[in-house]
Amino acid sequence: MKLVVVSAGLSVPSSTRLLADRLAAATGRYTPVDVQVVELRDLAVEIAHNFTSGFPGRALSAALDAVTEADGLIVVTPVFSASYSGLFKSFFDVLDQDALTGKPVLIAATGGSARHSLVLEHALRPLFAYLRAVVVPTAVYAASEDWGAEGLAERIDRAAGELGRLMEGLGSGAGAVRRADAAGTADVAETADASVAVDTDTAAAIAPRALDGALASADRFTVIPFEQQLAALRP
């Protein structure tokens, strides 16, 4: 599976990139992944030109394609003015609004003080919820004093485990939908434990719930108008 890491660090070396690399390495211990890193500092000029011209440059276009095609994302930003950096937000502003729909995302941030840790909940999580991504429950914040201290490694490992398991589950569901689409309306979606016959519509509906790597069987149902249900209750 393809894991794309988006790092918005500006300095070299960067604590933001360091956190991103540790999260990617930890995820690889839970599921086999091919890691690609997107350094936004190298794309800053092309991102600005995209806003004025409406067209991405070659490097930016490749980065946007990588994010769109990824099976999972790790996104890490430094904290500026109690929020994500402008460069970080600008990159996701030029990304297609449907590119992250249903995609597993691990959010993380770095800052000089632990007082900024809530940026994960009041800024990053709402952003990716708006983009309809599936954000893992554990977010990771690393302040300056966290490096080398107890707790950071455990948070990294917990978040990476959640991302790895989510990538495996959603990847199995997406594979079933692709097989159903390719074969028509009566294809068989193979799962890790069993095979169940599903049509395209059913597979598409139940695949997002297949977080354990298997599709659940779903029966057709009839929609009864509310007025008809209400009439049936009247004496």
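Residues numbered from 1 in each chain as written. Predicted model: local features only at pLDDT ≥ 70, side-chain atom pairs only at ≥ 80, totals over all residues. Heavy atoms only, no water.

Caption draft 1: Looking closely at the packing of aromatic side chains. Going through the model one piece at a time under the given rule, you end up with 5 aromatic pairs. Taking the centre distance of 6.2 Å and the plane angle of 70 degrees together, the rings of F88 and F128 count as edge-to-face. A residue pair is termed long-range when its members are at least 10 positions apart, and F88 in helix α4 (residues 86-94) and F128 in helix α5 (residues 119-130) qualify at 40 residues. Considered together, F88 and F128 belong to a single accessibility category, that of buried residues. An aromatic cluster is built from Y84, F88, F91, F92 and F128, whose rings are joined through pairwise contacts. (Phe/Tyr/Trp six-rings, centres within 6.5 Å; stacked < 30°, edge-to-face > 60°. Helix = DSSP H or I, 4+ residues; strand = E, 2+ residues; numbered from the N terminus. Buried < 20%, exposed > 50% of the residue type's maximum accessible area, 1.4 Å probe, protein only.)

Caption draft 2: Region of interest: the environment of L23. Checked against the element boundaries, L23 lands in helix α1 (residues 15-28). Given the relative accessible area of 0%, L23 is considered buried. It is 9.8 Å that separates the C-alpha atoms of L23 and L163, two residues lying 140 residues apart in sequence.

Caption draft 3: How the structure looks around unusual backbone geometry. That bond from V12 to P13 is cis: its omega, 0 degrees, falls within 30 degrees of zero. You will see that S81, though not glycine, has its phi angle at about 50 degrees, which is positive. In this fold, S81 is placed in the loop between β3 (72-80) and β4 (83-84). Phi angles above zero are rare outside glycine, and A82 is one such case at about 65 degrees. One can find A82 in the loop between β3 and β4.

Caption draft 4: Structural view of the pattern of salt bridges. On inspection of all chains with the given rule, the structure shows 7 salt bridges. With a shortest N-O distance of 2.7 Å, R17 and E39 are connected by a salt bridge. With R17 in helix α1 and E39 in strand β2 (residues 34-39), the pair connects residues that are 22 residues apart, well separated along the chain. For R17, a relative accessible area of 27% corresponds to the partly exposed category. For the salt bridge of D98 with R132, the shortest nitrogen-to-oxygen distance reads 2.4 Å. Pair noted here: D98 is in the loop between α4 and β5 (104-111) and R132 is in the loop between α5 and β6 (134-135), with a separation of 34 residues, a long-range link. You can call R132 partly exposed: its relative accessible area is 42%. (Salt bridge = Lys/Arg side-chain N within 4 Å of Asp/Glu carboxyl O.)

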